[in-house]
Each structure stands twice: as structure tokens, then as C-alpha cells.
Amino acid sequence: MRWNPMPIPDAATGESVDFLDGLVTMCGHGDPMGKEGCAIHMYTCNASMGDKCFTNSDGDMLIVPQVGTLDITTEFGKIMLAPHEICVIQRGVRFNVGIPDAAAPATRGYVFELYQGHLQLPDLGPIGANGLANARDFLYPCAAFEDRDCEYTVINKFGGKFFSATTDHSPFDVVGWTGNYAPYKYDLDKFCCMNSVTFDHPDPSIYTVLTAPTNDHGTAVIDFVIFPPRWMVMEKTFRPPYYHRNCMSEFMGMVAATMPTAIKIAAALPVPHAAIATANALTRRPHH
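Counting starts from 1 at the beginning of each chain's written sequence and moves along it residue by residue. Given that the model is predicted, a residue must reach a pLDDT of at least 70 before its local features are reported, and side-chain atom pairs must reach 80 or more before they are shown or counted; all residues, however, enter totals for whole chains, interfaces and linings. Water and hydrogen atoms were dropped before computing side-chain values, which therefore reflect all heavy atoms in the structure.

What counts as a helix is a DSSP run of H or I of at least four residues, what counts as a strand is a run of E of at least two, and both are numbered from the N terminus. Assigned secondary structure in the protein chain consists of 0 helices and 18 strands. By residue count, 45% of the 288 residues in the protein chain fall in the buried class. In this description, accessible areas are obtained by the Shrake-Rupley approach with a 1.4 Å probe, and a residue is regarded as covered only by the protein chains that are shown. Here the protein chain has roughly 14,800 Å² of accessible surface; of this, 55% comes from carbon and sulfur atoms. Only protein chains enter the accessibility calculation, which uses a 1.4 Å probe; a residue whose area is less than 20% of its type maximum is buried, one above 50% is exposed, and one in between is partly exposed.

Locating asparagine 56 in the fold gives a position in strand S3 (residues 52-56). A relative accessible area of 2% places asparagine 56 in the buried class. Each polar contact in these results corresponds to two N or O atoms within 3.5 Å; when the atoms are within protein, one needs to be able to donate a hydrogen and the other to accept it, and residues that are neighboring in sequence are counted only if both atoms are side-chain atoms. Engagement of the side chain of asparagine 56 in a polar contact is seen with the backbone nitrogen of glycine 59, the distance being 3.4 Å. By definition in these notes, contact holds between two residues if any of their heavy atoms fall within 4.5 Å. Discounting chain neighbours no more than four positions away, the residues touching asparagine 56 are Met61, Arg91, Gly92, Glu113, Asn156 and Lys157.

Two aromatic rings, drawn from Phe, Tyr or Trp (for Trp, its six-membered ring), form a pair once their centres lie within 6.5 Å of each other, and the interplanar angle then sorts them: stacked below 30 degrees, edge-to-face above 60, tilted otherwise. Evaluated as defined, the whole model comprises 13 aromatic pairs. Between tyrosine 207 and phenylalanine 227 the ring centres are 5.8 Å apart and the planes differ by 85°, which places this aromatic pair in the edge-to-face class. In this pair, tyrosine 207 is assigned in the loop between strand S12 (184-187) and strand S13 (208-213) and phenylalanine 227 in the loop between strand S14 (220-226) and strand S15 (248-249), connecting sequence segments 20 residues apart. Like tyrosine 207, the residue phenylalanine 227 is buried in the burial classification. Through successive ring pairs, a cluster of aromatic residues spans Phe19, Tyr43, Phe54, Phe95 and Phe162. Charge over a ring is defined by NZ of Lys or CZ of Arg lying within 6 Å of the ring centre and within 35 degrees of the ring normal. Just above the ring of tyrosine 207 sits the side chain of arginine 230; from NZ or CZ to the centre is 4.7 Å.

A separate point is the pairing of strand S1 (residues 23-31). Both S1 and strand S2 (residues 36-45) contribute to a ladder of 8 bridges, which runs antiparallel. When the sheet's bridge partners are listed, glycine 28 is paired in S2 with alanine 39. One bridge is not enough; two strands pair if DSSP finds at least two bridges between them. Following S1, the chain reverses through 4 residues before pairing antiparallel with S2; lysine 35 in that reversal takes a positive phi of roughly 50°.

On the basis of which strands lie adjacent, the open sheet formed by 6 strands has the order S1-S2-S9-S4-S7-S12 and antiparallel pairing. Edge positions in the sheet fall to S1 and S12, since each of these pairs with one other strand and no more. If you compare each strand with its neighbour and ignore which way they point, the axes differ by 15° on average. With axes taken as lines fitted to C-alpha atoms, and helix axes fitted only over the stretch in contact, angles between N-to-C directions fall between 0 and 180 degrees.

Before going further, it helps to spend a moment on the nonpolar core. We define the nonpolar core as a collection of buried residues of types Ala, Val, Leu, Ile, Met, Phe, Trp, Tyr and Cys that are connected through side-chain atoms lying within 4.5 Å of one another. Core analysis: the biggest nonpolar cluster contains 33 residues, and Ile86, Val209, Leu210 and Phe224 have the highest contact counts within it. Elements supplying a minimum of two residues to this core: S2, strand S4 (60-67), strand S7 (85-89), strand S9 (107-114), S12, S13 and S14. Sorting elements by how many residues they give to this core places S14 first, with 5 residues.

So, on to the pairing of S13. In terms of burial, S13 is largely enclosed, as 5 of its 6 residues are buried. Looking at chain direction, S13 and S14 are connected through 5 bridges and run antiparallel. From the neighbouring strand, threonine 211 faces S14, where its bridge partner is aspartate 223. From the end of S13 to the start of S14, which pair antiparallel, there are 6 residues, and glycine 218 there has a positive phi angle of about 95°.

Turning next to the pattern of salt bridges. A carboxyl oxygen of Asp or Glu within 4 Å of a side-chain nitrogen of Lys or Arg is what we treat as a salt bridge. Considering all chains together, one arrives at 7 salt bridges under this definition. Lysine 52 is paired through a salt bridge with aspartate 21; the nearest N and O atoms lie 3.9 Å apart. Here the residue lysine 52 occupies a position in strand S3, and aspartate 21 occupies one in the segment before S1, the gap between them amounting to 31 residues. With a relative accessible area of 54%, aspartate 21 lands in the exposed category. Ionic pairing is found between aspartate 58 and lysine 157, a salt bridge with its closest N-O pair at 2.7 Å. With a gap of 99 residues between them, aspartate 58 in the loop between S3 and S4 and lysine 157 in strand S10 (residues 149-158) connect regions that are remote in the sequence. Classification of lysine 157 as buried rests on a relative accessible area of 4%.

Rendered as C-alpha cells:
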């Protein structure tokens, strides 16, 4: 199946949609209450969330902007997220999404929600210590806080349903943090591709940025894969792979196109082979 990009709300016509209101579920599988599976959403927004924050009790969220920059405030600090970057916000972390550029408020992108397991760097095997997404390139926010008394709305997602409560102060009043359960971002332009320099077409898993493995060795709940610009110099091999069937289902989205050719960056989310149905929804930082 293919579909056109979601229309971005037009502020000129009075439309004002924030990140949370602009989320639309595209597909998924599993059940958040059973901590099994994942969901795939798209978002469009042109307004900041204001005195409102969101926390997801169902799973971690991987945010992939396609158009526009997001100013994300978390309990751990701030993250400025632009196209070509990704951000992971763990289960239970409160966050607020703002639009930093009032002159260009249009934003759109993807959100992958993982009910089961944790995102981590893939095993590199014979690649060795360096290659693909290197742990040193993942960035974590510096502690930042605000001491502000106001009526603040906290929205929580649990079991596929949304709940809200109000507090008399901003929840972003944490003055410091320690540990490794913290949101992070990564610049996809720093991904170091591996490829064949002799013949044949490598499996697309060679472009895995993050994966969420299952207890069944060799399979994953999701593999977050990108196809960035790269040299393909194999001999005596037609570039497209031979006819094949996948044991995982792919969800591919365009993030950026730098040339009117097949050179592009895309985000692919394979999910286990199962009936894909509409669903409601990652939890470990890459290890060092």
C-alpha cells in the first residue's frame, strides 16, 4: 500500500494543531497491555503544546522528523530535533513538544511506539568495533529545569487509552539526573554504511540503526533501518535484489530526498510477520 503525505495544518486558515493532537495511527500489531508488539504513527503539527505534557506508559517512542524542527522539553532537559535526526523518549518520561520557528511552523514526521523490549545498537559481529551507528554519536540532554507555578495538564497513555490530570506547577522542575534511562537523539548523517565491494546485494539489515530484539535469536520486534546516500560498486550484479519474500513486514517512509534519483534517506520499520491492524503504540539507551 502507498499513500500521500499527510496534509500539514495551515495556520493561515486558523488551524492550530499540536504534536499530540496531530498524531495519527497508521498500523501496528500486538497489545500494549501484554507488552507485545509495536505501533506506527504519523504526526503533523503547527503549534506548541503550551502548558501540557505527555507521558506514555505503553511504550517508548522513536520520533523521526520529516519536515520542520521540534523543540522537545523533557524531565531530563531539552532536545532540539531536526530532520535527519531521530529521538527516543522512554516509557514513563514526561515531555512537551514546541515549535521553535514561528515563521515556519509546519512540521511532519513519524513516530514508532514499541510495547515490547528495548531499542539497542545491533550486534556488529565481524564488522568489529566501528561502523553503522556508533555509540559515541548518541547525544543526551543536559539537565534543565523551570520553577513555574501554573495550571499544567499531564496527559498519560495507558492501555491504548488517554487520561489527563492537572497540577499546579510545571513538571519540568528536575534540577539534575544520573543513570542511563534518559532520552537521547542521533544524527542519521553520521551513520557509517557497510556495503559489498565485490559482488551481490547485501541484506538490508546491514543498514540497521537500532533494533529491539526478541527472545528468539535472530528476530526482532522492530529493526529501524535507513537507506542513506552511499556508493554501490558491486560488479556483475544488477542493483535491485532478486525476487524474495520477507519474513518481516516493512513500513517505509521518506525522510529526505537530496537528488531526483534513487539516492534518498528512508526509514524502514520491519515488524514481525503477522496480521497488521490499527493499534495504539523503545527502552534502553545504546550501551557504551
